[in-house]
Amino acid sequence: MSSHGDGVETIAEVFKCFICMEWPQDACLCPHCSKLCCYRCIERWLIDQRPNCPHCRASLLVHELVKCRWAEDVQKQVDKVRTEARHHRPDNKERDRCPQHHEELTVYCATCSKCICHKCALWDGEHSGHKFEEVDKIYKKHRNVIQTEKNKLRKRFLEIAELVKKVERSMDRIRAEKQDQSRQIQQSVDHVLKRLDTQLKTKLQKLAESRNILSRKAEDVNGLMQELDRRMKSTTRSELINQGYEIQQKLMPLIEQVQMTTSTHDLVTLPDVGSFTNEIIPPYDSAIFKIKSFCRHQQQGDPVYSKPLKVSGLTWRLKVYPHGNGANKGSYLSVFLELVHGFNKTSQYQYRIEMLYQGPGNDDSKNLVREFTSDFTVGECWGYSRFHRIDSLVSLYENPIASIAWQRYTYCSNSMTRLSLFGSINFSK
């Protein structure tokens, strides 16, 4: 019967309200997870806290709750089984009897730390001279201690539950703030893209106008050529010779007009198609660094420094080893970026080092580009000890220009600092 009673209690646990942990009053359930709860408990949660099921977190409103009219019938059956289980359960007093004398355990032997009956205390020599106390008194004392600890645990449980609620509210607030920030950023980006589309429309409109002008001029030239072909085909050689002066008088003004307009630079003013305004990424601040007598610097083996470049309170300079640095000496050109003056704390910068191809055709696809991100402190250098092989430098670039560009994203403000440093190398000795 004991296992039967435990099963009833297990069933009763399943049908408890998952909010107050009591048998549900005016029972209803969540349509998403089917968890039972009191109507008043879930109504108070949805109104006072937030419109979500506290168990499955699904969106939930009061009118969506499902009434459980069968819950009362289940409660009656559980109570009935409980009563039957208690009726067949062994009396606890039978377990509180002395196994030797079959008397109720009414005495507590403090010396042995065990409960005994009065016969054991009076007549059993085992407990002779021991200290005794009443079992009821000791029981109440132990029960009070356990109850006190239980109350502490319950208090701590409620505190933790409240902290969980605060954390969940903070999570909801952070999600809402993130969504708000995302909306603001998206709105800003949308405005930027709209203005970019406006720039594109303006440029395309100007180009279309220029194309129309050129098309009309092309039609005039083509018509004039067709007229000349027609005259040449429709006349004999003698007629062409005899009418040559007449044809020249009629057509030469048109030819001169076409030649004059098509050779004039003011015929069409082409817009600068590359002059889009980027409102998110600022343009580079730049300076020029030239290394003269490159071969002489190679022989000396010392680094070559550019002039300081000051941007947004920071001072930078380029440090170039024409003959290489460290283990790469004699094999590779080494290029580094040095922060000469700036913030006292370490800051992260994304930088780009580029050597521009200066051979025939100025092919930008042959530019040598290196990009990386490093943490800079004042006096520190970051870059590339193997920037490019020295033996192939002259053959590939003839008169190369080292273009150095770096940028820093300032997270504490809405600004972003970008700067570039260009360097040309002269291979004369």
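Reading the values: rules and limits
Every chain is numbered on its own, with residues counted from 1 as its sequence reads. Given that the model is predicted, a residue must reach a pLDDT of at least 70 before its local features are reported, and side-chain atom pairs must reach 80 or more before they are shown or counted; all residues, however, enter totals for whole chains, interfaces and linings. Excluded from the side-chain calculation are hydrogens and water; included are all heavy atoms of the structure. Strands are runs of DSSP state E lasting at least 2 residues, helices are runs of H or I lasting at least 4, and numbering of each runs from the N terminus. Accessible area is worked out with a 1.4 Å probe on protein chains only. A residue is then buried under 20% of its type maximum, exposed over 50%, and partly exposed in between. Pairs of residues are marked as contacts when any of their non-hydrogen atoms sit within 4.5 Å. In short, Shrake-Rupley with a 1.4 Å probe defines the accessible areas, and a residue's cover is counted only from the protein chains shown. Summarising the geometry, the arc corresponds to the directions from the helix axis toward the C-beta atoms. For two strands to be treated as a pair, DSSP must find at least two bridges joining them. An axis is simply a line fitted to the C-alpha atoms; with a helix, the fit covers only the stretch in contact. Between two such axes, the angle follows the N-to-C directions and lies from 0 to 180 degrees. Side-chain rings of Phe, Tyr and Trp, where Trp is taken by its six-membered ring, are said to pair if the distance between their centres is within 6.5 Å; with planes under 30 degrees apart they count as stacked, over 60 as edge-to-face, and otherwise as tilted. Either the NZ atom of lysine or the CZ atom of arginine qualifies as a charge over a ring when it sits within 6 Å of the ring centre and within 35 degrees of the ring normal. Only one rule defines a salt bridge in this text: a Lys or Arg side-chain nitrogen within 4 Å of an Asp or Glu carboxyl oxygen. To form a nonpolar core, buried Ala, Val, Leu, Ile, Met, Phe, Trp, Tyr and Cys residues must be joined to one another through side-chain atoms within 4.5 Å.

K.L.:
Just to check I follow, could you spell out the overall build of the chain for this structure?
P.N.:
Assigned secondary structure in the chain consists of 10 helices and 16 strands. Classification of the 429 residues of the chain by burial places 29% in the buried group. Within the chain, contacts between residues separated by at least 24 positions form 56% of all contacts whose residues are at least 6 apart in sequence. Accessible surface, the chain: about 29,800 Å² in total, of which carbon and sulfur atoms supply 52%.

K.L.:
Explain helix 2 (residues 39-49) here, please?
P.N.:
What sets the pattern is the α-helix's 3.6 residues per turn: residues three or four places apart point alike. For helix 2, every residue scored as buried is listed here: Ile42, Glu43, Trp45 and Leu46. Buried residues along helix 2 cover an arc of 160° about the axis, so they all sit on one side. Structural note: helix 2 exposes Arg40, Arg44 and Ile47 on the side pointing more than 90 degrees away from its buried face. Residues of helix 2 that are buried make contact with strand 1 (27-29), strand 2 (36-38) and helix 6 (135-234).

K.L.:
Mind showing me how you'd approach the sheet that holds strand 5 (residues 114-116) here?
P.N.:
Strands pair in a sheet through their backbones, by hydrogen bonds, and they do so in one of two ways: parallel or antiparallel. An order of 5-4-6 is seen for the three strands of this open sheet, with the pairing classed as antiparallel. Sheet topology places strand 5 and strand 6 (132-134) at the edges, where each strand pairs with a single neighbour. Neighbour-to-neighbour, the strand axes of the sheet open up by a mean angle of 40°, direction not taken into account. The sheet contact formed by strand 4 (residues 107-109) and strand 6 spans three bridges and is antiparallel. Within strand 6, the position partnered with Tyr108 by the bridge is Glu133.

K.L.:
Explain the packing of aromatic side chains here, please?
P.N.:
Aromatic rings considered in pairs are described by the distance between their centres and by the relative angle of their planes. Per the stated rule, a full pass over the model turns up six aromatic pairs. Measuring from centroid to centroid gives 5.7 Å for Tyr349 and Phe376, while their planes differ by 80°, and the two rings are edge-to-face. Pair noted here: Tyr349 is in strand 12 (residues 347-356) and Phe376 is in strand 13 (residues 368-376), with a separation of 27 residues, a long-range link. Its guanidinium or amino end placed over the ring of Phe387, Arg370 lies 6.0 Å from that ring's centre, counting from NZ or CZ. For the cation-ring pair, Arg389 lies above Tyr332, with the distance from its terminal atom to the ring centre recorded as 5.2 Å.

K.L.:
Is there a simple way to explain the pattern of salt bridges in this structure?
P.N.:
When charged atoms on two side chains of opposite charge get close, those side chains can pair. According to the stated counting rule, one finds 14 salt bridges in the structure shown. Between Lys119 and Glu103 there is a salt bridge; the shortest N-O distance is 3.5 Å. With Lys119 in helix 5 (residues 118-122) and Glu103 in the loop between helix 4 (92-95) and strand 4, the pair connects residues that are 16 residues apart, well separated along the chain. We classify Lys119 as partly exposed; its relative accessible area is 29%. In this structure, Arg175 engages Asp172 in a salt bridge whose closest nitrogen and oxygen atoms are separated by 3.1 Å. Of the two residues, Arg175 and Asp172 both sit in helix 6, three residues apart, roughly one turn of that helix. With relative accessibility at 47%, the residue Arg175 sits in the partly exposed group. The exposure class assigned to Asp172 is partly exposed, which follows from its relative accessible area of 32%. Within the structure, one salt-bridge network assembled from shared partners comprises Arg50, Arg57, Glu168, Asp172 and Arg175.

K.L.:
Can you help me understand the side chain of Arg50 in this one?
P.N.:
Note on placement: Arg50 falls in the loop between helix 2 and strand 3 (66-67). For Arg50, a relative accessible area of 15% translates into the label buried. Setting aside chain neighbours within four positions, we find Arg50 in contact with Trp45, Arg57, Glu168 and Asp172.

K.L.:
I keep staring at the nonpolar core and nothing clicks. Help me out?
P.N.:
One broad rule of soluble globular proteins: the nonpolar side chains tend to lie buried together. In this structure, Trp316, Val320, Leu333, Val335, Phe376 and Phe387 are the most contacted members of the largest nonpolar core, which totals 22 residues. At the level of elements, strand 7 (285-291), strand 10 (314-321), strand 11 (332-341), strand 12, strand 13 and strand 14 (381-389) are the ones that each hand at least two residues to this core. Here Val320 is in contact with Phe289, Ile291, Asp302, Pro303, Val304, Leu333, Ser334 and Val335, once residues within four sequence places are set aside. Counting 12 residues, the second largest nonpolar core, distinct from the first, contains Cys17, Cys28, Cys30 and Leu60.

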